[in-house]
Amino acid sequence: MSPLRSLTALAGAATLTLALAACGSEATTDKAAAGGEVGPDQICPDGTLKMGVEPFEDPKNLIPVYETLGEALGEELGCEVEVQISDTYVAEILAMQNGKLDIGQFGPLGYVFAQKQAGATPLASFAGEDGKVSSYTGGIWVPEDLPIKSVEDLAGTTLALSESGSTSGDAVPRKALIDAGIEKDVKAEYAGGHTEALLALVNGKVDAAEINSQTLASATAEGQFDESAFRQVWKSEPILNDPIAAGPNMTPEVSKAVQDALLNLPAESVAEIGEYLDFTPPAGKPALVAVTEEDYRPVSDLAEALDLTTDDL
């Protein structure tokens, strides 16, 4: 793995926690079990279900959208859901490994390491308009006025990546550089996040930046990015969206009950999340769909191809 230096100095943010109460008497034991005899006492033996979310966006933006998801999930399960926005990709994996998280939403690459290191089991991911697992793409963008038309043309340039451990913001674009034979000829720098990488390009601090389709959609909507002033010189194959996975302490019965609850969530409970993860939940169909370890095999293969370990996160 080629050395990368930090593009921006980031202050460590404290983990943010939200206690999301279920809807009291409306959440009956039968409804909470969501598919069997398993009820709230088994699902949430300590009174709460702890859910982690990887820091793919500024926590202040993630808190309100995941509050909606947590409340809906709490209603289905019949117990309180406590959502934690993790400081880093690694912090979420370690929290699950240490029994501090019952379930977690991981980036695809983060899930691969959570499965290997913490025994995470994928339960569900966000559905697109067609009712299937939604996906997004990685990309590399440059200013329109630069004579760069392809990945190969990036030799001799500076490239802003998101942060270590990101699928579309680190592993996927670095594999593109390796495949083009120019990894050692590009000065790749971690910006500290997807938005930070985009802003590094917009502000002229680098020649190129990774901008995935999720960040592109939200930044364009917020007026942070004018596509006409830039050019996309590389685009990845579709990447399945983030899985929500169960921790190793969950029994198969409890995992199934939580999965059923996730698959029963209404579209409006994840609609705002879709604005950040670039998907539109299907009308009249489940907002989330079941996923398996095999669905994320391409990301696992990518980690092996790059010889990545959790030390690289």
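**Student:** Let's hear about the overall build of the protein chain: which residues, and what values?
**Tutor:** Check the secondary structure of the protein chain and you find 11 helices and 15 strands. Counting only residues that meet the buried cut, the protein chain has 53% of its 313 residues in that class. Long-range contacts, defined as pairs at least 24 residues apart, comprise 81% of the intrachain contacts of the protein chain with a sequence gap of at least 6.

**Student:** Tell me about the state of the cysteines, and please be specific about residues and values.
**Tutor:** In total, this model carries 1 disulfide according to the counting rule given. What pairs with C44 in a disulfide is C79, and their sulfur atoms sit 1.9 Å apart. Of this pair, C44 sits in the loop between helix 2 (40–43) and strand 3 (48–53) while C79 sits in the loop between helix 3 (59–77) and strand 4 (80–85); the two residues are 35 residues apart in sequence, bridging distant segments of the chain. For the pair shown, C44 and C79 are each scored as buried.

**Student:** Please set out the pairing of strand 8 (residues 139–143) residue by residue, giving values where relevant.
**Tutor:** Burial of strand 8 is extensive: 5 of the 5 residues sit out of reach of the surface. Where strand 8 lies against strand 12 (residues 230–235), 5 bridges are found, and the strand directions are antiparallel. Bridge pairing links I140 to W234 in strand 12. In this sheet, strand 11 (residues 208–210) lies alongside strand 8 in antiparallel orientation, the contact comprising 2 bridges. Across the sheet, I140 pairs through a bridge with E210, a residue of strand 11.

**Student:** Describe the packing of helix 6 (residues 167–179) against helix 11 (residues 297–305), naming the residues involved and giving the relevant values.
**Tutor:** Packing of helix 6 against helix 11 leaves a shortest axis separation of 10 Å and a crossing angle of 60°. In this view, helix 6 runs oblique relative to helix 11, as classed from their interaxial angle. Handedness of the helix 6/helix 11 crossing: left-handed. Mapping the contact onto sequence places T167, A171, V172 and K175 in helix 6 and V299, L302 and A305 in helix 11. Within the contact of helix 6 with helix 11, the residues separate by chemical class into 5 nonpolar, 1 polar and 1 charged.

**Student:** Now, about the packing of aromatic side chains: what can you tell me, with residues and values included?
**Tutor:** In the structure shown here, the tally under the stated rule is 5 aromatic pairs. Ring geometry for F56 against Y66: centres 6.4 Å apart, planes inclined by 70°, an arrangement best described as edge-to-face. With F56 in the loop between strand 3 and helix 3 and Y66 in helix 3, this residue pair connects regions lying 10 residues apart in the sequence. Classification of Y66 as buried rests on a relative accessible area of 1%. Taking 5.1 Å as the distance between ring centres and 20° as the angle between the ring planes, the aromatic pair formed by F126 and F279 counts as stacked.

**Student:** Account for helix 7 (residues 194–202), with residues named and values stated.
**Tutor:** All of the buried residues in helix 7 are H194, A197, L198, A200 and L201. Take helix 7 and look down its axis: the buried residues cluster within an arc of 155°, on one side only. Following helix 7 by one or two positions, G204 has its phi on the positive side, about 75°.

**Student:** Break down helix 4 (residues 89–97) for me, citing the residues and quoting the values.
**Tutor:** The set of residues buried in helix 4 consists of Y89, E92, I93, A95 and M96. Buried residues of helix 4, viewed axially, fall in a sector of 160°; they line one side. Contacts from the buried residues of helix 4 go to strand 3, strand 5 (103–105), helix 5 (108–118), helix 7 and strand 14 (243–246). Where helix 4 terminates, the next one or two residues include G99, which has phi positive at roughly 75°.

**Student:** Account for the pairing of strand 14, with residues named and values stated.
**Tutor:** Along any regular strand the residues' side chains alternate between the sheet's two faces. Neither face of strand 14 is left uncovered, since the one carrying P243 and A245 and the one carrying I244 and A246 both have all their residues buried. Inspection of the sheet shows strand 5 paired to strand 14 by 3 bridges, in the antiparallel sense. From the neighbouring strand, Q105 faces strand 14, where its bridge partner is I244. As judged from the 4 bridges shared by strand 6 (residues 121–126) and strand 14, these two strands associate in the antiparallel manner. Paired with P122 across the bridge in strand 14 is A245.

About the criteria used
- Residues numbered from 1 in each chain as written.
- Predicted model: local features only at pLDDT ≥ 70, side-chain atom pairs only at ≥ 80, totals over all residues.
- Heavy atoms only, no water.
- Helix = DSSP H or I, 4+ residues; strand = E, 2+ residues; numbered from the N terminus.
- Buried < 20%, exposed > 50% of the residue type's maximum accessible area, 1.4 Å probe, protein only.
- Contact = heavy atoms within 4.5 Å.
- Disulfide = S-S within 2.5 Å.
- Pairing = 2+ DSSP bridges.
- Axes fitted to C-alpha atoms, helices over the stretch in contact; angles between N-to-C directions.
- Parallel < 35°, antiparallel > 145°, perpendicular 65-115°, else oblique.
- Left-handed = near helix turned anticlockwise from the far one by under 90°.
- Nonpolar A, V, L, I, M, F, W, Y, C, P; charged D, E, K, R; others polar.
- Phe/Tyr/Trp six-rings, centres within 6.5 Å; stacked < 30°, edge-to-face > 60°.
- Arc of directions from axis to C-beta.

Treat this as a map of the structure, not an account of what it does.
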